[in-house]
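# Working through the structure, step by step
Take a look at the letters that make up each chain.
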Amino acid sequence: MASSSTQDETESGAVTPSRDFSQATRLLETRLFHQYMTSTYHTLSQDGLSAHHLSMTIPRMATSCPYLLDSIHAFSALHLAAVETDNRASWLDHAARYQSQACAGLSKVLPEMSPQDYEPAFVSSIIIMLFAIGSRVLSLENQPLDPLLVVLEARTLISGPAMLFSRINEGGVDAQLDGWLCAADTQESLERGKHNEYGTLSL
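Worth saying up front: this structure is predicted, and the values here are computed from it rather than measured. Every residue gets a number counted from 1 within its own chain, in the order that chain's sequence is written. Under the rules for a predicted model, residues below a pLDDT of 70 receive no local features and side-chain atom pairs below 80 are neither given nor counted, while totals for whole chains, interfaces and linings still include all residues. Only hydrogens and water are set aside when side-chain values are computed; all heavy atoms of the structure are taken into account.

### A short note on the overall build of the chain
Counting from the N terminus, the helices are the DSSP runs of H or I reaching at least four residues and the strands are the DSSP runs of E reaching at least two. When helices and strands are counted, the chain shows 8 helices and 0 strands. If you list the helices and strands of the chain from N to C, you get α-α-α-α-α-α-α-α. Relative accessibility decides the category of a residue: with a 1.4 Å probe and only protein chains considered, values under 20% of the type maximum give buried, values over 50% give exposed, and everything between is partly exposed. By the burial criterion, 35% of the 203 residues in the chain qualify as buried. Contacts were defined at the residue level, with two residues in contact if any of their heavy atoms lie within 4.5 Å. Considering only contacts in the chain between residues 6 or more positions apart, those separated by 24 or more positions represent 76%. If you sum the accessible surface of the chain, you get close to 11,900 Å²; carbon and sulfur atoms cover 55% of it. The Shrake-Rupley method, run with a 1.4 Å probe, gives the accessible areas here. Residue values count only the displayed protein chains as cover.

Structure, rendered in structure tokens:
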């Protein structure tokens, strides 16, 4: 019989005992995390400030948040599916599995989130949204997309991140992503971002 602490951790999404921690899984997840840190995050970065958070803050956040780590693994696998076309089917299988784990983990914490959960949940929801859009594009690579369908799907997917973004703004917590989500949209801030292209910002 599981202890109460184990049950609490499982319900909160902190641990997932049913996972396969075989050597093959460890090597796969190392490969996916390496892919994110060396390549995938660049596809999301628009300036120095976002590069800093995408390469430093968010990976650090993911080390204590399994569903965020799963969303990173899923997105990295999807990126590899686009890059390594000879192994596309295999990477898509991995991507779908980690996406499912990320969604399941996030859904467990959403009903009773504390302010400390807002930022990792927000980031994970963003990555999950990008995954959903990216996987659709990849699966229809040789077929025309319906622009209206894409817009409607994006509108539905963005409702979750929008709610969590509001929670972050209202939470009054010491935000790890402060300076990125609330950066002033000024020419000076944009220029500063360009000058710090490699994530050397002092936040």
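### So, the confidence of the model for the chain
Confidence in the prediction for the chain averages 75 pLDDT; 60% of positions are at 70 or higher. Long-range and interchain partners of residues 1-18, a stretch whose pLDDT sits below 50, account for 12 contacts in this model, where long-range means more than four residues apart. Segment residues 192-203: pLDDT under 50, and 17 contacts once partners within four positions in sequence are set aside and those in other chains are kept. The quantity known as pLDDT measures the predictor's confidence residue by residue, on a range of 0 to 100.

### Details of the environment of Thr30
In this fold, Thr30 is placed in helix α2 (residues 23-38). Residue Thr30 is classed as exposed on the basis of its relative accessible area, which comes to 53%.

### Digging into the packing of helix α4 (residues 66-83) against helix α5 (residues 88-109)
Geometry is summarised by axes, namely lines fitted to C-alpha atoms with helices restricted to the contacting stretch, and by angles between N-to-C directions that run from 0 to 180 degrees. One way to put it is that α4 packs onto α5 with a least axis distance of 7 Å and a crossing angle of 160 degrees. As judged from the angle between their axes, α4 and α5 are roughly antiparallel. Viewed along their axes, α4 and α5 form a crossing whose handedness is left-handed. On the side of α4, the interface is formed by Tyr67, Asp70, Ser71, His73, Ala74, Ala77, Leu78, Leu80, Ala81 and Ala82, while α5 contributes Arg88, Trp91, Leu92, His94, Ala95, Tyr98, Gln99, Gln101, Ala102, Gly105, Leu106 and Val109. Any angle between 65 and 115 degrees counts as roughly perpendicular, while under 35 counts as roughly parallel, over 145 as roughly antiparallel, and the rest as oblique. Working rule for handedness: look at the near helix, and if it is turned counterclockwise from the far one by less than a right angle, call the crossing left-handed; if clockwise, right-handed.

### Observations concerning the nonpolar core
Counting residues in hydrophobic clusters, the biggest one holds 35 residues, and the most contacted among them are Leu32, Ile58, Tyr67, Leu68 and Trp91. Residue assignment for this core shows that the elements contributing at least two residues are α2, α3 (48-62), α4, α5 and α6 (115-139). Setting aside chain neighbours within four positions, we find Leu68 in contact with Ile58, Met61, Ala62, Pro120, Val123, Ser124 and Ile127. Definition used in this section: a nonpolar core is a set of buried Ala, Val, Leu, Ile, Met, Phe, Trp, Tyr and Cys residues joined via side-chain atoms within 4.5 Å.

### Some remarks on the side chain of Ser124
Looking at the element boundaries, Ser124 is found in helix α6. Assessed through its relative accessible area of 0%, Ser124 is described here as buried. Once residues within four sequence positions are removed from consideration, Ser124 is found in contact with Tyr67, Leu68, Ser71 and Leu106.

### As for the packing of aromatic side chains
Centre distance within 6.5 Å is the pairing criterion for rings of Phe, Tyr and Trp, where only the six-membered ring of Trp is used; planes under 30 degrees apart are then read as stacked, over 60 as edge-to-face, and the remainder as tilted. Enumeration over the complete set of coordinates arrives at 1 aromatic pair. Look at Tyr36 and Tyr41: their rings are 6.3 Å apart centre to centre, the planes differ by 45 degrees, and that puts the pair in the tilted class. For the pair shown, Tyr36 and Tyr41 are each scored as buried. We count a charge as sitting over a ring when the NZ of a lysine or the CZ of an arginine lies within 6 Å of the ring centre and within 35 degrees of the ring normal. Positioned above the aromatic ring of Tyr98, the side-chain terminus of Arg97 is 4.6 Å from the ring centre.

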